[in-house]
Amino acid sequence: QVRGKDIILTGSQIFAQTQPSTPGKDLVINASDSLNLSAGALIANFALGEAQGGNAIAQATSLNLTGVNTQIATSASEQGEAGDVMVMETSEVKLSEGALIRTSVFDEAEAGDVIVKADSIELIGTFSDGMQLSPCAFSTEATSTRDSGNITVDTRQLSIKDGANITASTGNEGNAGNIEIKGADIQLEGTATNGEDPSGIFAAVREGVENPGNAGTITIETNGLTLKAGAQINSVARGDS
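Before going into details, it helps to say that this report is about the structure given with it. (Residues numbered from 1 in each chain as written. Predicted model: local features only at pLDDT ≥ 70, side-chain atom pairs only at ≥ 80, totals over all residues. Heavy atoms only, no water.)

## What to know about the nonpolar core
Operational definition: Only buried residues count toward a nonpolar core, which is a set of Ala, Val, Leu, Ile, Met, Phe, Trp, Tyr and Cys residues joined through side-chain atoms within 4.5 Å. Whether a residue is buried, partly exposed or exposed follows from its accessible area with a 1.4 Å probe, protein chains only, as a fraction of its type maximum: under 20%, in between, or over 50%, in that order. Every residue pair with non-hydrogen atoms within 4.5 Å of one another is taken to be in contact.
Membership of the largest hydrophobic core comes to 42 residues, with the highest contact counts inside it found for Leu35, Ile72, Ile101, Phe138 and Ile166. Apart from the residues within four sequence positions on either side, isoleucine 72 is in contact with Leu37, Ile43, Ala56, Ala58, Leu63, Leu65, Val85, Leu100, Ile101 and Arg102.

Encoded structure:
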């Protein structure tokens, strides 16, 4: 557990790694003012082997993640169980230039969920190295045989722009996770710099899966929803076709 007023990580890491068959503990970062991560900084909780990983929990008045591979994450491999990523008690959350809040699993591991509760949330843009685009995202991803995790977002205002996204996906036989979003004002706008990859909300089974599971359910409760300039909301299972 790390506590402070302003917590800044630049190209640095705070992580917990749970070894086989050992239950993990939560990793909690609590900033009474701001929590700022940049240049590939990482807050993560990993589970290896058959371990059950703890949660990664971030609490701050203002949370700002900037840059490719900058992330708050949980992950599990083999027969492990990933913990949840939880962003709580936060007024403002902003991700830019390829930053991520995510959980991912491999092999036969069980996924965790992503839960973000904040007054305002802004996901903006992508990072490009000239060959590959890396979008800002809240994401759950499974390349294991299990289902991918669910994503829950509770906010007053949500803005997703310039290729950023909220995505629950699977690349194996499991089902894609469900996405539930509650927000008074939700705005999705534009595409990435390549003009092709849309901003959006996606629950998907990726291409190339021989025995694909089901795509996830997307539920949105809002007083106002705006999509423009190529933004999308999709639930799709592509499989091996």
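After that view, the rundown keeps rolling.
## Considerations on the pattern of salt bridges
Our working definition: The term salt bridge refers to a side-chain nitrogen of Lys or Arg lying within 4 Å of a carboxyl oxygen of Asp or Glu. Starting at the N terminus, helices and strands are each numbered in turn, a helix being any DSSP run of H or I of at least four residues and a strand any DSSP run of E of at least two.
All chains considered together, the criterion is met by four salt bridges. In this structure, the salt-bridge partner of aspartate 6 is lysine 5, at a minimum N-O distance of 3.6 Å. Across the pair lysine 5 and aspartate 33 runs a salt bridge whose closest N-O atoms are separated by 3.3 Å. Taken together, the residues lysine 5 in strand β1 (residues 2-10) and aspartate 33 in strand β3 (residues 27-38) connect sequence positions 28 residues apart. By sharing partners, the salt bridges in this structure join Lys5, Asp6 and Asp33 into a single network.

## Focus on the pairing of β3
How we decide: A pair of strands counts as paired when DSSP detects no fewer than two bridges linking them.
Relative to β3, β1 is paired through eight bridges, and the arrangement is parallel. When the sheet's bridge partners are listed, isoleucine 7 is paired in β3 with leucine 35. As judged from the ten bridges shared by β3 and strand β5 (residues 56-66), these two strands associate in the parallel manner. Bridge pairing in β5 links leucine 27 to alanine 56.

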